[in-house]
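Structural features, examined
So you can see what is in the structure, the chains are spelled out below.
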Amino acid sequence: MERLKNKIAVITGASSGIGAGIAESFVSEGADIVINYRKSQSDAETVLEKNKSFGRKISLIQADVSSKSDINHLIQSTLDEFGRIDIWVNNAGADILTGKGASADVDEKLEQLIQTDLKGTINTCWLVSEIMKKQGHGVIVNMGWDLSIHGFKGINPQIFAASKSAVLGFTRAFAKTVGPQIRVNMVSPGWIVTAFAEKNLESPFYQERLSEIPLGRFGSPEDIAEAVVFLSSDESSYIAGESININGGLI
């Protein structure tokens, strides 16, 4: 059974990692999707090519979710092409671990997280919810971090936890505001094998993290995608304002 058959879904930050995993799961479940990317057009095109065989309509739309005008462009472009928006996944996040982000100072990293992860999520929810209210229905899934509540030592974890804890608080308040027409939930990944982690899995740091996980392995983008599909489908029709930790039992 295709759980998202003929649904129209937008996935922000879907050119790689968890976002790309969500995109694949959505089309395999019967959804037509928008793959949003900020700058990695070639990666987004790779995700599109990989998923063509499912026979669903896939569109690529460039937008930076830290910009309100870009969010409006993403929403309007989706409406122009598909006519409605059934599901919106706020997966895009600031990269403070690789590339230029890794060499930025703490103030710059914090600003990136606030603008993209926090304000980007809030502004997107506010703007797309207006469309969903007019439709009379909609589902929004936000992206969190399991350790933002439990805590993890270090400067990067501190500022990442600050932004994602705020997203959790916003998600719960927003779900109470826009229900029953719109369901809003959140997924909170633990240690997931994305591009950054993949290069460092044999390091003492990651081996120590592995020893802390009861299920004995790191998560995959597909593990996160399955939870997002569930929260986007009718299977979760009585779930709102929740955050699902996907961490192998770590917390």
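All of these numbers come straight from a predicted model, not from anything done at the bench.

**Let's talk about the packing of helix α3 (residues 68–82) against helix α5 (residues 106–135)**
Here α3 crosses α5 at 35°, and the two axes come no closer than 10 Å. By crossing handedness, the relation of α3 to α5 is classed as right-handed. Residues Lys68, Ile71, Asn72, Ile75 and Leu79 of α3 form the contact with α5, whose participating residues are Gly120, Asn123, Thr124, Leu127, Val128 and Ile131. Partitioned by chemical class, the residues of the contact of α3 with α5 number 6 nonpolar, 4 polar and 1 charged.

**Quick word on the packing of α5 against helix α7 (residues 155–178)**
The geometry of α5 relative to α7 is characterised by a closest axis approach of 9 Å and an angle of 15° between their N-to-C directions. It follows that α5 is roughly parallel to α7 by the angle criterion. The handedness of the crossing between α5 and α7 is right-handed. Two secondary-structure elements touch here, α5 through Val106, Lys109, Leu110, Leu113, Asp117, Leu118, Thr121, Ile122, Cys125, Trp126, Ser129 and Lys133 and α7 through Ile155, Asn156, Ile159, Phe160, Ser163, Lys164, Ala166, Val167, Phe170, Phe174 and Val178.

**Remarks on the confidence of the model for the protein**
Summarising the model, the protein shows a mean pLDDT of 96, and 99% of its residues fall at 70 or more. Mean pLDDT across the elements of the protein bottoms out in helix α8 (residues 195–198) (69) and peaks in strand β4 (residues 87–90) (99).

**Quick notes on empty space enclosed by the protein**
All told, the structure shown has 1 cavity of 30 Å³ or more when counted by the stated rule. Taken as a whole, the largest cavity holds about 40 Å³ of empty space. What lines the largest cavity is Thr12, Val65, Asn90, Asn91, Ala92, Thr116, Gly120, Thr121 and Thr124. Considering each element in turn, the lining of the largest cavity owes the most residues, 4 residues, to α5. Considered class by class, the residues forming the lining of the largest cavity number 2 nonpolar, 7 polar and no charged.

**Side note on the pairing of strand β2 (residues 32–37)**
Within β2, 6 of the 6 residues are buried, which leaves it mostly tucked inside the rest of the structure. The two faces of β2 match: Asp32, Val34 and Asn36 on one face and Ile33, Ile35 and Tyr37 on the other face are all buried. Bridge analysis of strand β1 (residues 8–11) against β2 gives 4 bridges, and the strand direction is parallel. Among the inter-strand pairings, alanine 9 is bridged to a residue of β2, identified as isoleucine 33. Here β2 pairs with strand β3 (residues 58–62) via 5 bridges, running parallel. By the bridge assignment, tyrosine 37 is partnered in β3 with glutamine 62. In this region the chain leaves β2, passes through helix α2 (residues 41–51) and returns to the parallel neighbour β3; the handedness of that crossover is right-handed.

Parameters and conventions
- Residues numbered from 1 in each chain as written.
- Predicted model: local features only at pLDDT ≥ 70, side-chain atom pairs only at ≥ 80, totals over all residues.
- Heavy atoms only, no water.
- Axes fitted to C-alpha atoms, helices over the stretch in contact; angles between N-to-C directions.
- Helix = DSSP H or I, 4+ residues; strand = E, 2+ residues; numbered from the N terminus.
- Left-handed = near helix turned anticlockwise from the far one by under 90°.
- Contact = heavy atoms within 4.5 Å.
- Nonpolar A, V, L, I, M, F, W, Y, C, P; charged D, E, K, R; others polar.
- Parallel < 35°, antiparallel > 145°, perpendicular 65-115°, else oblique.
- pLDDT = per-residue confidence, 0-100.
- 1 Å grid on protein atoms, 1.4 Å probe; cavity = no way out; pocket = protein on both sides within 12 Å on 5 of 7 lines; lining within 4 Å.
- Points joined across faces, edges and corners; volume = space filled by probe spheres on them.
- Buried < 20%, exposed > 50% of the residue type's maximum accessible area, 1.4 Å probe, protein only.
- Pairing = 2+ DSSP bridges.
- Right-handed = clockwise from strand over helix to strand, strands pointing away.

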